[in-house]
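One-letter residues, chain by chain:
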Amino acid sequence: MTRRLTFAANWKMHHGPLAARAFIDRFLELVPPREGRELWVFPPAASLHVVADAARSRADVKPGAQNVYWEPKGAFTGELSVPIAREAGARGGLVGHSERRHVFGETDEDTRRKVLALLDGGLTPLLCVGEKLAERDEGRTEDVVLRQLRAGLGGLDPERVSRVMIAYEPVWAIGTGRNATPRDAAAVHAVIRAELGRLGATGRSTILYGGSVNLGNALSLLAEEELDGVLVGGASLEADAWAELVGIGA
Ligand code: PGA
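Rules and cut-offs
Residues numbered from 1 in each chain as written. Predicted model: local features only at pLDDT ≥ 70, side-chain atom pairs only at ≥ 80, totals over all residues. Heavy atoms only, no water. Near = heavy atom within 4 Å. Polar contact = N/O pair within 3.5 Å; in protein donor to acceptor, adjacent residues only side chain to side chain. Areas by Shrake-Rupley, 256 points an atom, 1.4 Å probe, with all protein chains shown as cover. Nonpolar A, V, L, I, M, F, W, Y, C, P; charged D, E, K, R; others polar. Pairing = 2+ DSSP bridges. Helix = DSSP H or I, 4+ residues; strand = E, 2+ residues; numbered from the N terminus. Axes fitted to C-alpha atoms, helices over the stretch in contact; angles between N-to-C directions. Contact = heavy atoms within 4.5 Å.

**Some thoughts on the site of the ligand**
Contacts to the ligand come from 13 residues, most closely from Lys12, His97, Glu169, Gly175 and Ser212. Interatomic distance of 2.8 Å between a backbone N/O atom of serine 212 and an oxygen atom of the ligand. Within the backbone of glycine 233, an N or O atom sits 2.8 Å from an oxygen atom of the ligand. For the ligand, whose accessible area on its own is 280 Å², the fraction buried by protein is 95%. Tallied by class, residues from the shell around the ligand come to 4 nonpolar, 7 polar and 2 charged.

Spelled out as C-alpha cells, the structure:
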C-alpha cells in the first residue's frame, strides 16, 4: 500500500497575491499529482483566493488559512472568519501555531474555540503543539504537548477528533535551523497518537512534524513511520525547492 504523506507549506507573512500566483503556477508545472500525497498551502489571508483559484483543478493541493477567529461574523476588525476563509477557497486552517501562541498570546482556550469553529464550518483544523526549549530541558515535553492537545480538542466527540490533523512543532526548532532528531520527533508523535486514541480518534490520525525541515533532513525525518508528513516554513517559500521537497522519496 502506498504510504500516505502530507506536505504542508506555511508561508507565514510572505507571498502576496502576485507572488502566490507565480509560485503556484510554477509549482503545479513541476509537481504531478502523486498517489497518497496531499499538498497543503497556508498562504497569507490575502493570497488564499489566488492559491485556491490556481489550484482548483488539483484535488491533491489544498489551500488553508494560517489563522481564523471563532465567531462566524460580526464586529471583529482584522479577523478572518471560517465562512470567509471557506469562501476564499480554504479547506482547512492552522490553529495554535507557535507564533500565534508566543507572539500573539493565543491561549489553549482560544485554540479549542478555533478547532471547533473550523469543524463546524466543514474545514480541517491543523492543530499545532510543541514545547519551548526550557520546557524540553526540564523534561516537560510530553506534559506540554499533552496539555495543548487536550485543551485544543477538549470536549470533541470521537468522530470530530478523527478529523483533526496535528503538527508537532518544537518551538526551539522553528526557524532556527535546528530540527528535532527523527527519533525524538517520532517519540513525541507516538505520545500524541496514543492520546488521540484515548480521545476517541478512529483510523490513523495525520501527525506532521515541523521545525527547520528542509531538503537536507526531510528524507531522514520521513523515514520514521510515525511521521505522516511535514509542516514547513522557510524551505517552502521557493517553488522549485518546495517542488523537490514534496517529491522526496516518491
Ligand atoms: P520553519 O517553520 O520550517 O521555518 O522552521 C515551520 C513552521 O513554523 O511551521
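Additional details are given in the paragraphs that follow.
**Considering the sheet that holds strand β6 (residues 165-168)**
Taken together, the 8 strands give a closed barrel; going around it, the order is β1-β2-β3-β4-β5-β6-β7-β8, and neighbouring strands pair in parallel fashion. Recorded for the sheet is a direction-independent mean angle of 25° between the axes of neighbouring strands. Strand direction decides the pairing type here: strand β2 (residues 37-42) and strand β3 (residues 61-65), joined by 3 bridges, are parallel. When the bridges of β3 are listed, tryptophan 40 appears paired with lysine 62. Along the sheet, helix α11 (residues 239-246) makes contact with β1 (5-10), β2 and β8 (229-232), crossing β1 at roughly 160°.

Keep in mind these numbers describe shape, not what the thing actually does.
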